Amino acid sequence: MARTPHPSSQAFQSLQGRQTPEILVEYPGTHQDGENLLQLADSLNASLLPWQRWDLLAINAKREDGRWLHRTCVIVCTRQNGKTYGMLWLILYRTLVLGQSVLFTAHRWETAMKIWEQLNDIISITPWLKKLVTRSGCSQGRGYFRFKNGGEVEFTTRSAGGGRGLSKIDVTIYDEAFDLTDAEIAATAFLRKAAKDPQTIYVTSAVHRDFIQHQNGEVVSSVRRRALEGKPGIYLAEYAAPKDMDPEDESTWKASNPSYGVLCDAQAFLDIMDSMDTEAGRVNFGVEALGWGLWFGDADHAGHTYVVRPEQLDALAPNVTVTGLRTALTVDASPDGDKLTMALGVLTNDVAHPVYAGVLYHGSFHLPTVMEKVMAAIDAYNPELIVIDPKSPAIAVAEKLDAAGLEVKLINLTDVQAAFHIFMRHVKDETVLIEPHESFAPALEKATTREGVNGATAWARTSGVICNLVAVTNAVWAAEQITPPEYVPDKAYAAPESVTRDSGGENHIAPVNDNFGIETNIMTLAF
C-alpha cells in the first residue's frame, strides 16, 4: 500500500492532516502479518486512520527468513493524535493471534491504565474474544490479560519491577518514550533476551533537550539518531511540519498533525496558542503541536547559537596580577547530579575590572569528596558569601555546610535572573576577569537560555552540563553583593595553599608561591 499525503477516506471525510511523516526510514519486506492485523482490527470496528495503518504495516513487516524486519521501531508524533491507539491493535494481534508476550510501559500509570481499559472494553463487548481470556486484572499500577493460546500482555509504569509477571518479552512498547532511562531498559533486558525474535517499539512526541520534563529523552534521541544514520533494522516515522512553515498558519497544523480534522481542529490550536504567548510558550508549542524537537546529540555544534562565544570568554582572561578585597564561593551541580562546580568570585581593586571569577573545582559529584574540597576552599579563601541555588542538586552541599554551622545564602529565581543579567553585562562590556578553564568550551557549545514567566532570562541549566557557567555567573553576582570596606590594603591573591586533611582531621599545608594571573591558574592548583 503506497503512502500518500492526503488519501481519500470514506470513513473519515473530515480528515485534513497530512498522512505521511516528515521523516521516514523504512526498509522493504513482506506485510502478511500487517495485513492480518488490519483485518482483525477492521472486523472489530477499529477506527484506524491511514497513517496508523501504514505504521502498523511497517512494524509488522518481516524479512525473507521470517524474522521481524524492523526489530526497533520509533513513532514520533505530536500530542493528541492517537499514536497510542495503534499500539492497542498491535497488542491484540500479537497476543491473541501470535501468542506473544507483550510489555507496555508508560511514564504515567494513567496512560497505561487507559489502554488497558480500551482493550478491556473491546474484549467485554466481543463474546468470542471474551472466551479466549483466561485471566485479567488491573490494580495498583499494573494491568494484564492472559489468553488461552499462551499470549499475554502486561501494562505498567516503568520501574525495576516491570514485566514481573512475564517469563519472556517478545514485544516491548515504551510509550511516552521522551521519559525513558537506560536503567529502565536494563530492568527488562533478560526477559527480552529470552525471546527468540524480540522487538522494541518507542512511541513518543518530539524531544526538546532544554525542557526539564525531557531530560530523560537521551535514550530515544539516540535510537532516532541511529535510524537517521542508516543503521539497519530501525524503523522511524516522525510526523512534524517542515520547519520553514509559519507556526501560526493552519496549513502548518495540518502538516504536523496527521489526525487533524478528526481528533483535533483549528479551535484547539488557537486555544493553545492563546495560552502560550511568551517566547518559552512558543517554543513549547513548536515542540508539542508541530513536532519541532531539539533532540539530544542532534546538531549539537552545527547551527548552535552561542549565548557567549568562546572567544568572548577567552578575552576576559586576566593578564595582570589581580588584587582583591573580599570573596564569595558558589556551588552548582548538573540537574542529574553527576557533575558539580565550585567557583570563586572576588571583589577586586581594579576599577576597570571590579569582579574576578573562576572555577575552583569541576568534576564528579561525590559528596564526601566535594565536601572536602569545599571546606578546603573555605579555609583558603574565607568567603563572606557562600551561594547555592536550592533547586540544584548542590543543595546537598548546603545542607552539610548548614550542619557544620556555616551560613549559606540560598538564592531564588529573581537572584538567578539578576545574576545572569549582571554576568552578561560584564561580558559584553569586558568589565570582568574570568579565569580560563578547560570545561568552558564544551559547556558554551551546548548552553542556551530560558525565559521565565516574568520575561527575565537565565541559563537553561538543562541544556547540558553547564553547571560551570552557572557557578561562575553566580560567583560574579555574589561578589557584587559584598559591600566593600572603607579601606583595605591591596591583597594580591596568591595561588591557594594545597590543603589536605589526615584521618585525625589535622590540616597539612604545602605552600604554593605563584601569584595567580598571567603566571599561573590558581583555580586549579589546590582543587
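Above: the structure in question.
A. Up close: a negative patch on the surface. Together, Asp 246, Glu 248, Asp 249, Glu 250, Asp 265, Asp 271 and Asp 274 make up a negatively charged patch on the protein surface. When you line up the elements, Asp 246 lands in the loop between β9 (234-238) and α9 (250-256). Judged by its relative accessible area of 44%, Asp 246 is partly exposed.

B. Structural view of the sheet that holds strand β4 (residues 133-139). Strands sit in the order β1-β9-β2-β8-β7-β3-β6-β5-β4 across an open sheet of nine strands; the sheet is mixed. Each of the sheet's edge strands pairs with one partner strand only, and the pair in question is β1 (23-25) and β4. In this sheet, adjacent strand axes meet at a mean angle of 10 degrees when their direction is disregarded. Strand direction decides the pairing type here: strand β7 (residues 171-174) and strand β8 (residues 199-204), joined by four bridges, are parallel.

C. Looking closely at the environment of Asp 332. Within the secondary structure, Asp 332 sits in strand β10 (residues 323-333). Taking the C-alpha atoms as reference points, Asp 332 and Asn 468, 136 residues apart in sequence, are found 7.4 Å from one another. The residues contacting Asp 332, other than those within four sequence positions of it, are Lys 339, Leu 340, Thr 341, Asp 389, Ser 392, Ala 394, Arg 461, Cys 467, Val 470 and Ala 471. At a separation of 3.5 Å, a polar atom in the side chain of Asp 332 contacts the side chain of Ser 392.

D. A look at the side chain of Thr 20. On the secondary structure map, Thr 20 appears in the segment before β1. Given a relative accessible area of 14%, Thr 20 falls into the buried group. Discounting chain neighbours no more than four positions away, the residues touching Thr 20 are Arg 3, Thr 4, Pro 5 and Tyr 239.

E. Local environment of unusual backbone geometry. The backbone phi angle of Asn 45 is positive, close to 60 degrees, even though this residue is not glycine. Relative to the helices and strands, Asn 45 is located in the loop between α1 (32-43) and α2 (50-59). According to the relative accessible area criterion, Asn 45 is exposed, its value standing at 66%. Positive phi, normally seen in glycine, also occurs at Gln 80, with a value near 60 degrees. One can find Gln 80 in the loop between β2 (72-76) and α3 (83-96).

F. Quick look at the layout of surface pockets. Here the second largest pocket defines a volume of roughly 700 Å³. What lines the second largest pocket is a set of 25 residues, among which Gln 80, Gly 82, Lys 83, Thr 84 and Lys 114 lie closest to the centre. Elements with a contribution of two residues or more to the lining of the second largest pocket: α3, α4 (109-124) and β8. Sorting elements by how many residues they give to the lining of the second largest pocket places α4 first, with five residues. Class assignment for the residues of the lining of the second largest pocket results in eight nonpolar, 10 polar and seven charged.

G. Fine view of the pattern of salt bridges. Here the structure, examined in full by the defined rule, presents 15 salt bridges. For Asp 42, the salt bridge is made with Arg 53, and the minimal N-O distance between the two is 2.9 Å. Taken together, the positions of Asp 42 in helix α1 and Arg 53 in helix α2 put the pair 11 residues apart, joining distant regions of the chain. For Arg 53, a relative accessible area of 19% translates into the label buried. With a shortest N-O distance of 2.6 Å, Glu 238 and Arg 224 are connected by a salt bridge. Here Glu 238, found in strand β9, pairs with Arg 224, found in helix α8 (residues 218-228); they are 14 residues apart in sequence, far enough to count as distant. You'll find Glu 238 and Arg 224 in the same group, each marked buried.

H. Fine view of the environment of Tyr 381. One can find Tyr 381 in helix α13 (residues 367-381). As for Tyr 381 and Leu 344, which are separated by 37 residues in sequence, their C-alpha atoms are 8.7 Å apart.

I. Summary view of the environment of Val 307. Along the polypeptide, Val 307 turns up in the loop between α11 (279-290) and α12 (310-314). Given a relative accessible area of 22%, Val 307 falls into the partly exposed group. For Val 307 and Thr 448, which are 141 residues apart along the polypeptide, the C-alpha to C-alpha distance reads 6.4 Å. With near-sequence residues (within four places) excluded, Val 307 lies in contact with Gln 312, Phe 420, Met 424, Ala 447, Thr 448, Thr 449 and Trp 459.

J. Geometry of helix α14 (residues 395-403). Among the residues of α14, those classed as buried are Val 397, Ala 398 and Leu 401. Seen end-on, α14 carries its buried residues on one side only, within an arc spanning 100 degrees. Away from its buried face by more than 90 degrees, α14 exposes Glu 399, Asp 402 and Ala 403. Packed against the buried residues of α14 are β10, β11 (339-348), α13, β13 (385-388) and β14 (409-410).

K. Representation of the packing of α13 against α14 in the model. Contact geometry for α13 and α14: axes closest at 11 Å, N-to-C directions at 60 degrees. Classed by the angle they form, the pair α13 and α14 counts as oblique. As for the relative orientation of α13 and α14, their crossing is right-handed in sense. Between α13 and α14, the contacting residues are Leu 367, Val 370, Met 371, Val 374, Met 375 and Ile 378 on the first element and Ala 396, Val 397, Lys 400 and Leu 401 on the second. Partitioning the contact of α13 with α14 into residue classes produces nine nonpolar, no polar and one charged.

L. Structural view of the nonpolar core. Membership of the largest hydrophobic core comes to 49 residues, with the highest contact counts inside it found for Trp 89, Ile 91, Leu 119, Phe 155, Ile 173 and Ile 201. Per-element tally for this core: the top contributor is α3, with eight residues. Here Ile 173 is in contact with Met 87, Leu 90, Ile 91, Val 102, Leu 103, Phe 104, Thr 105, Ile 201 and Val 203, once residues within four sequence places are set aside. Core analysis: the next-biggest nonpolar cluster, separate from the first, contains 38 residues, Val 427, Leu 469, Ala 471 and Trp 477 among them.

M. The side chain of Ser 334, seen in detail. With respect to the secondary-structure elements, Ser 334 resides in the loop between β10 and β11. We classify Ser 334 as buried; its relative accessible area is 3%. At 3.4 Å, the side chain of Ser 334 and the backbone nitrogen of Asp 338 are in polar contact. Setting aside residues up to four positions removed in sequence, Ser 334 forms contacts with Lys 339, Pro 393 and Cys 467.

Scoring rules and cut-offs
- Residues numbered from 1 in each chain as written.
- Predicted model: local features only at pLDDT ≥ 70, side-chain atom pairs only at ≥ 80, totals over all residues.
- Heavy atoms only, no water.
- Patch = residues over 30% accessible without salt bridge, like charges linked within 9 Å, V, L, I, M, F, W, Y side chains within 5 Å.
- Areas by Shrake-Rupley, 256 points an atom, 1.4 Å probe, with all protein chains shown as cover.
- Salt bridge = Lys/Arg side-chain N within 4 Å of Asp/Glu carboxyl O.
- Lys, Arg positive; Asp, Glu negative; His and termini not counted.
- Charge placed at Lys NZ, Arg CZ, Asp CG, Glu CD.
- Helix = DSSP H or I, 4+ residues; strand = E, 2+ residues; numbered from the N terminus.
- Buried < 20%, exposed > 50% of the residue type's maximum accessible area, 1.4 Å probe, protein only.
- Pairing = 2+ DSSP bridges.
- Axes fitted to C-alpha atoms, helices over the stretch in contact; angles between N-to-C directions.
- Contact = heavy atoms within 4.5 Å.
- Polar contact = N/O pair within 3.5 Å; in protein donor to acceptor, adjacent residues only side chain to side chain.
- 1 Å grid on protein atoms, 1.4 Å probe; cavity = no way out; pocket = protein on both sides within 12 Å on 5 of 7 lines; lining within 4 Å.
- Points joined across faces, edges and corners; volume = space filled by probe spheres on them.
- Nonpolar A, V, L, I, M, F, W, Y, C, P; charged D, E, K, R; others polar.
- Arc of directions from axis to C-beta.
- Parallel < 35°, antiparallel > 145°, perpendicular 65-115°, else oblique.
- Left-handed = near helix turned anticlockwise from the far one by under 90°.
- Core = buried A, V, L, I, M, F, W, Y, C linked by side-chain atoms within 4.5 Å.

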